[in-house]
Amino acid sequence: MVFRSLLSVIEVEQTDHDLKVAIDLCSEINAQLCVTVLGVASSPPIGDYALGTAEVWLKERQKTLAAIDKRIEEVETLVSHAEISASVIDEYPELARIGHIIGRHARYSDATIIGPDLLANEKLRGRVIEGALFESGRPILLLPHGAKPTLRPKQVLLAWNSGVECTRAAREALEIMACADEVHVTMIDPDASSEGNGAEPGADIGAYLAHHGVKITVDRLPSTNYAIANVIKQHAVDISAELIVMGGYGHTRLRERIFGGVTRSMFDDPAFPILMAH
């Protein structure tokens, strides 16, 4: 699809780094930027000692609301100087509601940007990512520190296992891949059964992408006892990929949390920009 609107989530105490990254991406593709400035509300005091702590809770709340108002002004000033179309809103939910709130906003953008500062925020990262990924029907774009984010990459790695999540990611990234010089359809230990990838793994997705003008190379790689996420990252280095496209959470979230998985590994150390869909 063509990206015309991007959502950027900015925690109230973050620097401007994530916002500037989002502005640059919107300028690159002439997209609208939607900014959500996020504060995290503490739960109101309850129980036997509620009366004694209510005043402290109220002062903390007033302080955070004032910080949000100040941050909104700073963000509005920054985007007004960027010469892009932009809107800025604020949210102040309790921690448990963040995923739902972000998911609701993400439904009205083509993708949600998870910038370097937010990726480093252990308290918010997982809730924002899962809200945007599971409650919006839209993809997310993970942008780690040190990466050179672009939505017009020349070299793309499509991590493919014939799953529904990969299919969704490929469809969301179709316009991006059609404009790239080369897309490497990368399969790790492909299953050649009829229930897996078919007799010639990669042929079906290759034909589909070729019909859409994508210039592809199919790479079938062995894991050789390495973690799949590590093989993908190394292959991205080998082909000088500027973007990895992949499906997220092929297993349940609970199973990923308990046992780990490719998605979890990519979140924990996303060495490359990643466009992910579920």
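Description of the structure in this document. Remember, predicted model here, so these are calculated numbers, not experimental data.

1. Observations concerning the sheet that holds strand E3 (residues 86–91)
- In space, the ten strands of this open sheet follow the order E3-E2-E1-E4-E5-E10-E9-E6-E7-E8, with mixed pairing throughout. The open sheet is flanked by E3 and strand E8 (216–221), the only strands paired with a single partner. For this sheet, the mean angle separating the axes of adjacent strands, direction not counted, is 25°.
- The pairing of strand E6 (residues 155–159) with strand E9 (residues 243–247) spans three bridges and is parallel.

2. Things to note about the side chain of Ser-5
- Topologically, Ser-5 is positioned in strand E1 (residues 5–11).
- A relative accessible area of 10% means that Ser-5 is categorised as buried.

3. So, the environment of Arg-97
- Among the structural elements, Arg-97 can be located in the loop between E3 and helix H3 (98–106).
- Taking the relative accessible area as the measure of exposure, Arg-97 reaches 44% and is therefore partly exposed.
- When the C-alpha positions of Arg-97 and Val-40 are compared, they lie 9.5 Å apart, and in sequence the two are 57 residues distant.

4. Quick word on the pairing of strand E10 (residues 274–277)
- On E10, burial covers both faces: Ile-274 and Met-276 on one face and Leu-275 and Ala-277 on the other are all buried.
- Where strand E5 (residues 140–142) meets E10, three bridges bridge the pair, whose relative direction is antiparallel. Counterpart to Leu-141 in the pairing with E10 is Leu-275.
- The sheet contact formed by E9 and E10 spans four bridges and is parallel. Following the sheet pairing, Gly-247 is matched in E10 by Ala-277.

5. Concerning the pattern of salt bridges
- What the rule picks out here adds up to seven salt bridges.
- Measuring nitrogen to oxygen at the nearest pair gives 2.7 Å for the salt bridge that ties Arg-71 to Asp-16. Taken together, the residues span a long stretch of sequence, with Arg-71 in helix H2 (residues 50–80) and Asp-16 in the loop between E1 and helix H1 (17–29) at a distance of 55 residues.
- For Asp-16, a relative accessible area of 29% gives the class partly exposed.
- Here Arg-220 and Glu-200 are joined by a salt bridge, their closest N and O atoms 4.0 Å apart. Residue Arg-220 is found in strand E8, and its partner Glu-200 is found in the loop between strand E7 (182–188) and helix H8 (203–211); the two are separated by 20 residues along the sequence.
- The exposure class of Glu-200 is exposed, given its relative accessible area of 51%.
- Through salt bridges that share partners, Asp-16, Lys-70, Arg-71 and Glu-74 make up one connected network.

6. Let's talk about the packing of aromatic side chains
- On inspection of all chains with the given rule, the structure shows one aromatic pair.
- On the basis of an interplanar angle of 50° and a centroid distance of 5.1 Å, the ring pair of Phe-134 and Tyr-249 is categorised as tilted. Remark: Tyr-249 occurs in the loop between E9 and helix H10 (253–259) and Phe-134 occurs in helix H5 (residues 125–134); sequence separation between them is 115 residues.
- Of the residues examined, Phe-134 reaches a relative accessible area of 24% and is grouped as partly exposed.

7. A few points about the side chain of Thr-150
- Position of Thr-150 among the secondary structure elements: in the loop between E5 and E6.
- At 2.5 Å, the side chain of Thr-150 forms a polar contact with the side chain of Glu-28.
- Once you skip the residues sitting within four places of it in the chain, Thr-150 turns out to touch Leu-25, Glu-28 and Glu-242.

8. Structural notes on the packing of H3 against H5
- Closest axis-to-axis distance for the H3/H5 pair is 7 Å, and the angle between their directions is 45°. One element, H3, and the other, H5, form an angle in the oblique class. Considering only the axes of H3 and H5, their crossing is right-handed. For the pair formed by H3 and H5, the contact residues are Ile-98, Gly-99, Ile-102, Gly-103 and Ala-106 on the first element and Arg-127, Val-128, Gly-131 and Ala-132 on the second.
- Looking at the contact of H3 with H5 residue by residue, the classes come out as five nonpolar, three polar and one charged.

The rules behind these values
Residues numbered from 1 in each chain as written. Predicted model: local features only at pLDDT ≥ 70, side-chain atom pairs only at ≥ 80, totals over all residues. Heavy atoms only, no water. Pairing = 2+ DSSP bridges. Helix = DSSP H or I, 4+ residues; strand = E, 2+ residues; numbered from the N terminus. Axes fitted to C-alpha atoms, helices over the stretch in contact; angles between N-to-C directions. Buried < 20%, exposed > 50% of the residue type's maximum accessible area, 1.4 Å probe, protein only. Salt bridge = Lys/Arg side-chain N within 4 Å of Asp/Glu carboxyl O. Phe/Tyr/Trp six-rings, centres within 6.5 Å; stacked < 30°, edge-to-face > 60°. Polar contact = N/O pair within 3.5 Å; in protein donor to acceptor, adjacent residues only side chain to side chain. Contact = heavy atoms within 4.5 Å. Parallel < 35°, antiparallel > 145°, perpendicular 65-115°, else oblique. Left-handed = near helix turned anticlockwise from the far one by under 90°. Nonpolar A, V, L, I, M, F, W, Y, C, P; charged D, E, K, R; others polar.

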